[in-house]
Amino acid sequence: MALPDVLIVDDDRLLRAMLRDALADVPCNVREADSGDAALVEIERKPPAVLLLDLIMPGRSGLELLKALSAKGLKTRILVISSLDTESLVQQALADGAHGFLVKPFHPLEVQNVVRGALEAAPGAKA
Amino acid sequence: MSSFWLADSDARVLGPVGLDVVRDLALRGKLNDVRAVSKDGKTFVPVREVPEIQQALAVTPKNADELAYAQADATKQIREWLTSIKGRSSEEVFRVPQNGSREAWRAAFFSLVYRYVPGRLPPEATPELRLACEDAFIALSERMVDIERQFRASKPSAPSASAMQATTLQVRWRGGMIHVRLILARGDLQPFTADFENTWKHDSLFVASAEKLMVNTPADITIGFEGHVTQIHSSGRVVGVRTTPAPGFSVKLLDLGEAQRAMIRTWVARAS
């Protein structure tokens, strides 16, 4: 059976590498996008089961991407990863369609844990 | 309600967010690099041209006295808590029964360690508070490493403890840069001290390798520490190359945060 896809969307190359490393023990196929627009292309190609999303990016921001994906009605589980963890912004992200909010700096085990949980909750990524 | 897009000096954008979100973020000191604002996500203008945003960004968290008092109090509480958990079992500290599942242990660990992550501290945090958080973070992480090891040991295919005791090093070229993966055995501080001009105090690392490199070669570094789940990832530049007495090169780590420096500092202190 094919492994589920996890798409990392972050403009920071090192952070993408850290997330990829953190997911090394999780049975999944990790893909990357360095911007909101690149993420949309990746999602059109094949919707991932789980998406790890940064909020601040050049061009299309994370919140804009979140809204666009919600409008598409995808079953992808979206986990926001950000250091901007104020109550009001977390609430907005959840209201805009995020399924979870992970605070930077993160612990690799924390990432593994939430992604495993999201993969279990997302049997298929297609709408 | 009005929505705004905020752009930083790297043209990275946050938005759309309401004024309440901007105020909350500013109060927490999380918006220190806002350079331009947009009301439609397309046209950006300098912050000074949007008075409501300029006003929201000008909010300061607390006055200096209140902040100093709160930080001293927080430091005292963390120190007292650290003293109180000495000699207590992990079951008591994490409040998980001895037969708790791996997930239960991890959930308890994350909920507890979250408040001590040094990187979560505001820039104005005192060194005492920062150090107390680092100590709490390390104390909890070490306990969790032991717990994870117990779970791994229960699997027949798990690697033996002895297999983890030697420092391992991988050096390879990829994508125009040198990739170094170093897993340090407990007590090994040689990479942080071998090149006296480029030690851990200079955010530098010596890699004992015969690879022929030039100064300024870009590098991608991963450092693992035996007994710790935390790894350090950083980009870097080669700052020195030597052929004797042992060949190798020194790399300046360019992305170290305070938590990572604390990790290295603690490792060196324990190995010395």
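For clarity, every value in this text was computed on a predicted model and none was experimentally measured.

Asks: Could you give an account of the sheet that holds strand 2 (residues 29-33) of chain A, with specific residues and numbers?
Replies: Residues and elements named next belong to chain A. With parallel pairing, five strands are arranged side by side in an open sheet as 2-1-3-5-6. Across the chains shown, the open sheet's two edge strands, defined by having one partner strand only, are strand 2 and strand 6 (100-103). Shown here is a sheet whose adjacent strand axes are inclined to one another by a mean of 20°, direction ignored. Note that strand 1 (residues 5-9) and strand 2 share five bridges and pair parallel. Its bridge partner being in strand 2, D5 is matched across the sheet by N29. Here helix 5 (residues 108-121) sits on the sheet in contact with strand 1, strand 3 (50-54), strand 5 (77-82) and strand 6, set at roughly 170° to strand 6.

Asks: Tell me about the pairing of strand 8 (residues 218-225) of chain B, and name the residues and values.
Replies: All names here are of chain B. Of the two faces of strand 8, only one is covered, namely that formed by A219, I221, I223 and F225; the face formed by P218, D220, T222 and G224 stays uncovered. Two strands pair when backbone bridges link them, and strand 6 (residues 177-184) and strand 8 are joined in this way by seven bridges, in the parallel orientation. Its bridge partner lying in strand 8, H179 is registered against D220. Sheet topology note: the strand 8/strand 9 (residues 231-242) ladder contains seven bridges and is antiparallel. By the bridge assignment, A219 is partnered in strand 9 with G236.

Asks: How would you explain unusual backbone geometry if you had to name every residue and give the values?
Replies: Residues and elements named next belong to chain B. With an omega dihedral of 0°, the bond running from G15 to P16 counts as a cis peptide bond. Residue position: P16 is located in strand 2 (residues 12-17). Of note, A11 is a non-glycine position whose phi angle comes to about 65°, a positive value. With respect to the helices and strands, the residue A11 is situated in the loop between strand 1 (4-8) and strand 2. Since 13 C-beta atoms lie within 10 Å of it, A11 is described here as partly exposed. Phi is positive for R95, close to 60°, though the residue is something other than glycine. Along the chain, R95 turns up in the loop between helix 4 (90-94) and helix 5 (102-113).

Asks: Could you give an account of the interface of chain A and chain B, with specific residues and numbers?
Replies: How big an interface is tends to be stated in terms of accessible area lost as the parts join. Listed as interface residues are 25 residues of chain A and, on the opposing side, 26 residues of chain B. Across the side of chain A that touches chain B, the residue classes break down as 13 nonpolar, seven polar and five charged.

Asks: Lay out the packing of helix 5 of chain B against helix 6 (residues 127-153) of chain B in plain terms, naming residues and giving numbers.
Replies: Each pair of packed helices gets described by two things: the angle between the helix axes and the distance between those axes. All names here are of chain B. Across the interface, helix 5 lies against helix 6 with an axial gap of 11 Å and an inter-helix angle of 175°. Classified by the angle between their axes, helix 5 and helix 6 sit roughly antiparallel to one another. Counted together, R102, W105, F109, L112 and V113 of helix 5 and F137, L140, S141, M144, I147 and F151 of helix 6 form the full contact between these two elements. Across the contact of helix 5 with helix 6, the residue classes break down as nine nonpolar, one polar and one charged.

Asks: Give a description of the environment of E64 of chain A that names residues and reports values.
Replies: Along the polypeptide, E64 of chain A turns up in helix 3 (residues 62-72). Between the C-alpha atoms of E64 of chain A and D96 of chain A, which are 32 residues apart in sequence, the distance is 9.1 Å. Discounting residues that sit within four places of it in the chain, E64 of chain A has contacts with G36 of chain A together with G41 of chain B.

Asks: Help me get a handle on the confidence of the model for chain B, residues and values and all.
Replies: All names here are of chain B. Of all residues in chain B, 91% attain a pLDDT of 70 or more, and the chain-wide mean is 83. Within the model, pLDDT remains below 50 along residues 156-164, and this stretch shows four contacts once partners closer than five positions in the same chain are excluded. Scored as a whole, the predicted complex attains pTM 0.52, and scored at its interfaces, ipTM 0.88.

Asks: If you had to explain the sheet that holds strand 4 (residues 44-46) of chain B to someone new, which residues and values would you point to?
Replies: Sheet architecture is open: five strands sit in the order 4(A)-2(B)-1(B)-3(B)-4(B), paired in antiparallel fashion. Strands at the two margins of the open sheet, each flanked by one partner only, are strand 4 (57-58) of chain A together with strand 4 of chain B. With four bridges connecting them, strand 1 of chain B and strand 3 (residues 34-38) of chain B associate as antiparallel partners. Residue pairing in the sheet places W5 of chain B in a bridge with S38 of chain B of strand 3 of chain B.

Basis of the calculations
- Residues numbered from 1 in each chain as written.
- Chains lettered and ligands numbered in written order.
- Predicted model: local features only at pLDDT ≥ 70, side-chain atom pairs only at ≥ 80, totals over all residues.
- Pairing = 2+ DSSP bridges.
- Helix = DSSP H or I, 4+ residues; strand = E, 2+ residues; numbered from the N terminus.
- Axes fitted to C-alpha atoms, helices over the stretch in contact; angles between N-to-C directions.
- Contact = placed C-beta atoms within 7 Å.
- Buried ≥ 20, exposed ≤ 12 C-beta atoms within 10 Å, placed from the backbone.
- Nonpolar A, V, L, I, M, F, W, Y, C, P; charged D, E, K, R; others polar.
- Parallel < 35°, antiparallel > 145°, perpendicular 65-115°, else oblique.
- pLDDT = per-residue confidence, 0-100.

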